[in-house]
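What the coordinates show
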Amino acid sequence: MSSIAERLDAIRATIPAGVRLLAISKYYPVKDILEAYNAGQRDFGENKAQDLVAKQQALPADIRWHFTGHLQSNKIKYIAPFVYMIHSVDSVQLLREINKYGAKNGRVIPCLLQIHIAQEETKFGFTPEECLAMLASEEWKELKNVHIRGLMCMASNTDDTQQVASEFVAVRALFDEIRGRWFADDEEFDTLSAGMSGDYLVAIESGSTCVRIGSSIFEG
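This section reports on the structure supplied with the text. Please read these numbers as outputs of a predicted model, since none were measured by experiment. One numbering rule holds for all chains: residues counted from 1, following each sequence as written. In keeping with the model being predicted, local features are shown solely for residues with a pLDDT of at least 70 and side-chain atom pairs are shown and tallied solely at 80 or more, while totals for entire chains, interfaces and linings include all residues. For side-chain calculations, the full set of non-hydrogen atoms in the structure is used, while hydrogens and water are omitted.

Turning our attention to the overall build of the chain. Put simply, DSSP H or I for four residues or longer makes a helix, DSSP E for two residues or longer makes a strand, and each gets a number counted from the N terminus. Summing up its helical and strand segments, the chain has nine helices and eight strands in all. For the radius of gyration, the atom set is restricted to C-alpha positions; the globular benchmark scales as 2.2 Å times the number of residues to the power 0.38. Relative to the compact-globule value of 17 Å for 220 residues, the chain shows a C-alpha radius of gyration of 17 Å, a close match. Partly exposed describes any residue whose relative accessible area lies between the buried limit of under 20% and the exposed limit of over 50%, with all areas from a 1.4 Å probe on protein chains only and scaled to the type maximum. Residues classed as buried in the chain amount to 51% of the 220 residues present. With residues, only the protein chains shown are counted as cover, and all accessible areas are computed by Shrake-Rupley using a 1.4 Å probe. Working note: accessible area of the chain is about 10,300 Å², and carbon and sulfur atoms make up 48% of it. Working convention for charge: Lys and Arg count positive, Asp and Glu count negative, and His plus the chain ends are omitted. All charge positions are set by atom: Lys at NZ, Arg at CZ, Asp at CG, Glu at CD. The average position of the 23 basic charges and that of the 30 acidic charges among the side chains of the chain differ by 7 Å.

Moving on, we get to the environment of glutamine 41. Its location among the elements puts glutamine 41 in the loop between α2 (30-38) and β2 (43-46). A relative accessible area of 4% places glutamine 41 in the buried class. Spatially, the C-alpha atoms of glutamine 41 and lysine 77 are 26 Å apart, while their sequence positions differ by 36 residues. Two residues form a contact once any of their heavy atoms are found within 4.5 Å. The residues contacting glutamine 41, other than those within four sequence positions of it, are Leu8, Arg12, Leu21, Leu22, Ala23 and Ala36. For the purposes of these results, a polar contact is taken to be a pair of N or O atoms within 3.5 Å, where, inside protein, one atom must be able to donate a hydrogen and its partner to accept one; residues adjacent in sequence count only when each atom of the pair is a side-chain atom. A polar contact is formed between the side chain of glutamine 41 and the backbone oxygen of leucine 21, at a distance of 2.8 Å. Polar contacts involving the side chain of glutamine 41 include one to the main-chain carbonyl oxygen of aspartate 43, which spans 2.8 Å.

Below, the discussion takes up the packing of aromatic side chains. The relation between two aromatic rings is expressed through the spacing of the ring centres and the mutual angle of the planes. For this analysis, a ring pair means two rings from Phe, Tyr or Trp (six-membered ring only for Trp) whose centres lie within 6.5 Å, classed as stacked if their planes differ by under 30 degrees, edge-to-face if by over 60, and tilted for the remaining angles. Considering all chains together, one arrives at six aromatic pairs under this definition. Relative to phenylalanine 189, the ring of phenylalanine 175 has its centre 5.0 Å away and its plane inclined at 20 degrees; by these criteria the two rings are stacked. Of this pair, phenylalanine 175 sits in helix α7 (residues 161-182) while phenylalanine 189 sits in the loop between α7 and β7 (191-193), placing them 14 residues apart in sequence. Exposure class is identical for phenylalanine 175 and phenylalanine 189. Each is buried. An angle of 10 degrees between the planes, with centres 4.3 Å apart, marks the rings of phenylalanine 183 and phenylalanine 189 as stacked. For phenylalanine 183, a relative accessible area of 5% puts it in the buried group. Look at phenylalanine 189 and you get buried, because its relative accessible area is 2%. Three or more aromatic residues joined by ring pairs form one cluster here, namely Trp140, Phe175, Phe183 and Phe189.

This paragraph deals with unusual backbone geometry. In this model, glutamate 138 sits at a positive phi of 65 degrees, which is unusual for a non-glycine residue. Within the element layout of this structure, glutamate 138 appears in the loop between α6 (128-137) and β6 (146-153). Judged by relative accessible area, which is 34%, glutamate 138 ranks as partly exposed.

Generally speaking, a soluble globular protein has its nonpolar side chains buried in company with each other. The term nonpolar core refers to a set of buried residues drawn from Ala, Val, Leu, Ile, Met, Phe, Trp, Tyr and Cys, joined through side-chain atoms within 4.5 Å. Grouped together as the largest cluster of nonpolar side chains are 68 residues, with contacts concentrated most on Ile79, Ile86, Ile98, Leu135 and Ile178. For isoleucine 98, the residues in contact, after removing those within four places along its chain, are Leu71, Ile76, Ile86, Val89, Ile109, Cys111 and Val146.

Attention now moves to the pattern of salt bridges. Criterion for a salt bridge: a side-chain nitrogen of Lys or Arg within 4 Å of a carboxyl oxygen of Asp or Glu. Tallied over the full model, the rule gives 13 salt bridges. Among the salt bridges present, the one from lysine 55 reaches glutamate 46, with a minimum N-O distance of 2.9 Å. The pair lysine 55 / glutamate 46 is uniform in exposure class, with both members buried. Between arginine 179 and aspartate 176 there is a salt bridge, with its nearest N and O atoms 3.2 Å apart. Of the two residues, arginine 179 and aspartate 176 are both situated in helix α7; the distance of three residues between them amounts to about one turn of the helix. Residue classification places arginine 179 among the partly exposed residues on the basis of a relative accessible area of 31%.

All right, on to the packing of α6 against α7 then. Geometry is summarised by axes, namely lines fitted to C-alpha atoms with helices restricted to the contacting stretch, and by angles between N-to-C directions that run from 0 to 180 degrees. As a packed pair, α6 and α7 sit with axes 12 Å apart at the nearest point and diverge in direction by 10 degrees. Viewed along their axes, α6 and α7 adopt a mutual orientation that is roughly parallel. Here α6 contributes Pro128, Cys131, Leu132, Leu135 and Ala136 to the contact with α7, which in turn contributes Leu174, Glu177, Ile178, Arg181 and Trp182. Its residues assigned to classes, the contact of α6 with α7 comprises eight nonpolar, no polar and two charged. By definition in this entry, angles of less than 35 degrees are roughly parallel, angles greater than 145 are roughly antiparallel, angles of 65 to 115 are roughly perpendicular, and the rest are oblique. Lys, Arg, Asp and Glu make up the charged group, whereas Ala, Val, Leu, Ile, Met, Phe, Trp, Tyr, Cys and Pro make up the nonpolar group; the residues left over, Gly among them, are polar.

Here is the structure:
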């Protein structure tokens, strides 16, 4: 059975330069995360605030912690002091709350806007139309303690690779449109977080710049 370090190396070999590998550690204990850390991994993702806080306190300080789950407003205060990036902003109200806690902590918190592109009602996020309307309102420009860095999405849970690819391509087109209309002068609007263990290669081919991989790293 291969080790976490060996599986990490195998996955890294499939990821081109310029694409961030985010290790989704939400189901895995500190000892497994530490093994990945010792193999050179620095970006980890959690989807529950309490787990993120506990692991951040138990693990090395130079880890970049990403929040990838559905974020409740009453949990922002716990992660605002240290979170590297929030991938799952799905409303302007949530963006306002993150801005509030960013200000309280003297931080500008990087955020991604979550786009609902999958054919499943259980997924969260803005529709593309809602996202464009929110940006067009330009309220977000007044929120000085958040920095919109790009988009995040999850494709439909299906074996139909063509459908998955078409969803990723659509979000890449939306990313390019948004960058051109509102972020042309912001070199840090550079993140399209798309692709997980089962579909990350399709996501990379479709323009993803950050893939979120958990089971393929942590499970033998």
